[in-house]
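# Structural overview for review
As a plain string of letters, each chain reads:
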Amino acid sequence: MIQRIQTVYLLLAALASLGLPYAFSLYADATGEAVWAADEILYITLFSVSAVLSFISIFLWNKRQNQFVLGRLNILLNFVLLGVLVYRSQILSGGTAVLEKGIGMIIPLVSIVLLVLANKAIKRDEDLVKSVDRLR
């Protein structure tokens, strides 16, 4: 059961959330200095919670509904993380405080895509189980 495709997607999402913030900077501030996820406790907390939710979802293979719900919760968390990144990278008073956005800003998007693919595979498995139960 752990060898299913959604496990691969969830594992890749966890690795993206846990490893990529250390490899790529999120953005450069007004002084031109790169801002990393490890520099701010909010960023590293949100990335870590996303990775933990993905790992927990991997081991809920026998409870597909819970796995699906955790996947949706993780997608929501990644949207919040993306919103926080965009909000923090800009000043709302009209100007921008960011000279350059790093590739780290798209890490939540990569994770969201992988989680959507995992949820799609989980839904497909659930539909298959329901159709087999109906035939009995």
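Our subject is the structure listed above.
Residues numbered from 1 in each chain as written. Predicted model: local features only at pLDDT ≥ 70, side-chain atom pairs only at ≥ 80, totals over all residues. Heavy atoms only, no water.

### Some words on the packing of helix 1 (residues 5-23) against helix 2 (residues 41-58)
Note the threshold: Axis lines are fitted to C-alpha atoms, over the contacting stretch for helices. Their N-to-C directions set the angle, which ranges from 0 to 180 degrees. Secondary structure is summarised from DSSP: a helix means a run of H or I of at least four residues, a strand means a run of E of at least two, and numbering begins at the N terminus for each. Angles are sorted into four bins: roughly parallel if under 35 degrees, roughly antiparallel if over 145, roughly perpendicular if 65 to 115, and oblique for all others. Crossing handedness is defined as follows: a turn of the near helix away from the far one that is anticlockwise and smaller than a right angle gives a left-handed crossing, while the clockwise case is right-handed. Pairs of residues are marked as contacts when any of their non-hydrogen atoms sit within 4.5 Å. When residues are sorted by character, Ala, Val, Leu, Ile, Met, Phe, Trp, Tyr, Cys and Pro go into the nonpolar class, Asp, Glu, Lys and Arg into the charged class, and all the rest, Gly among them, into the polar class.
Relative orientation of the contacting elements helix 1 and helix 2 amounts to 160 degrees, with a least axis distance of 8 Å. Here helix 1 is positioned roughly antiparallel relative to helix 2, judged by the angle of their axes. Of the two elements, helix 1 crosses helix 2, and the hand of that crossing is left-handed. Mapping the contact onto sequence places Thr7, Leu10, Leu11, Ala13, Ala14, Ser17, Leu18, Pro21 and Tyr22 in helix 1 and Ile44, Phe47, Ser50, Ala51, Ser54, Phe55, Ser57 and Ile58 in helix 2. Looking at the contact of helix 1 with helix 2, its residues break down into 12 nonpolar, 5 polar and no charged.

### A look at the environment of tyrosine 22
How we decide: Accessibility here uses a 1.4 Å probe with only protein chains present; expressed as a share of the type maximum, an area under 20% marks a residue as buried, one over 50% as exposed, and anything in between as partly exposed.
Here tyrosine 22 lies in helix 1. Note on tyrosine 22: relative accessible area 48%, which makes it partly exposed. Distance from tyrosine 22 to alanine 37, taken between C-alpha atoms, is 6.8 Å for residues 15 residues apart in sequence. Excluding anything up to four places from it in sequence, tyrosine 22 contacts Trp36, Ala38 and Ile44.

### Brief notes about helix 2
The periodicity of an α-helix, 3.6 residues per turn, causes residues three or four positions apart to be oriented the same way. Rules: By this rule the span expected of a helix is its residue count minus one, scaled by 1.5 Å.
Look at helix 2: 26 Å from first C-alpha to last across 18 residues, which is about the 26 Å you get at 1.5 Å a residue. Residues of helix 2 that are buried: Tyr43, Ile44, Leu46, Phe47, Ser50, Ala51, Leu53, Ser54, Ser57 and Ile58.

### Overview of the nonpolar core
Here is the rule: Throughout this description, the term nonpolar core refers to a set of buried Ala, Val, Leu, Ile, Met, Phe, Trp, Tyr and Cys residues connected via side-chain atoms within 4.5 Å.
One finds Leu26, Tyr27, Tyr43, Phe47 and Leu85 to be the most contacted residues of the largest nonpolar core, which totals 16 residues. Broken down by element, the residue count for this core peaks at 5 residues, all from helix 3 (residues 64-88). Membership of the second largest hydrophobic core comes to 8 residues, among which are Leu10, Ile75, Ile112 and Leu115.

### So, a nonpolar patch on the surface
Threshold: Patch membership is restricted to residues that have no salt bridge and whose relative accessible area is over 30%. Joining uses 9 Å for like charges and 5 Å for the nonpolar side chains Val, Leu, Ile, Met, Phe, Trp and Tyr. We get accessible surface area from the Shrake-Rupley algorithm with a probe of 1.4 Å; when it comes to residues, only the shown protein chains can shield them. Whenever Lys or Arg places a side-chain nitrogen within 4 Å of a carboxyl oxygen from Asp or Glu, that contact is recorded as a salt bridge.
On the surface, Ile5, Val8, Leu11, Leu12, Leu15, Leu18 and Phe55 cluster together to form a nonpolar patch covering roughly 560 Å² of accessible area. The biggest single contributor to the nonpolar patch is helix 1, with 6 residues. Following the sequence through the fold, leucine 12 ends up in helix 1.

### Structural notes on the packing of helix 2 against helix 3
To characterise two packed helices, one gives the angle between the axes of the helices and the distance between these axes. Relative orientation of the contacting elements helix 2 and helix 3 amounts to 165 degrees, with a least axis distance of 9 Å. In terms of their interaxial angle, helix 2 and helix 3 are classed as roughly antiparallel. Crossing angle aside, the handedness with which helix 2 passes helix 3 is left-handed. Residues Leu42, Tyr43, Leu46, Phe47, Val49, Ser50, Leu53, Ser54, Ile56, Ser57 and Ile58 of helix 2 form the contact with helix 3, whose participating residues are Gln67, Leu70, Gly71, Leu73, Asn74, Leu77, Asn78, Leu81, Val84, Leu85 and Arg88. The residue makeup of the contact of helix 2 with helix 3, split by class, is 14 nonpolar, 7 polar and 1 charged.

### Regarding the pattern of salt bridges
Per the counting criterion, the structure on display carries 3 salt bridges. In this structure, the salt-bridge partner of glutamate 126 is arginine 64, at a minimum N-O distance of 2.8 Å. Separated by 62 residues along the polypeptide, glutamate 126 in helix 4 (residues 107-135) and arginine 64 in helix 3 bring together distant segments of the chain. Like glutamate 126, the residue arginine 64 is buried in the burial classification.

### Observations concerning the side chain of serine 54
The condition is simple: Throughout this description, a polar contact denotes any pair of N or O atoms lying within 3.5 Å of each other; where both atoms belong to protein, one of them has to be capable of donating a hydrogen while the other can accept it, and for residues adjacent in sequence the pair is counted only when both atoms sit in side chains.
Structurally, the position occupied by serine 54 is in helix 2. Side chain to side chain, serine 54 and asparagine 74 meet in a polar contact 2.8 Å long. Those residues in contact with serine 54, other than ones at most four positions away along the chain, are Leu10, Ala13, Ala14, Asn74 and Leu115.

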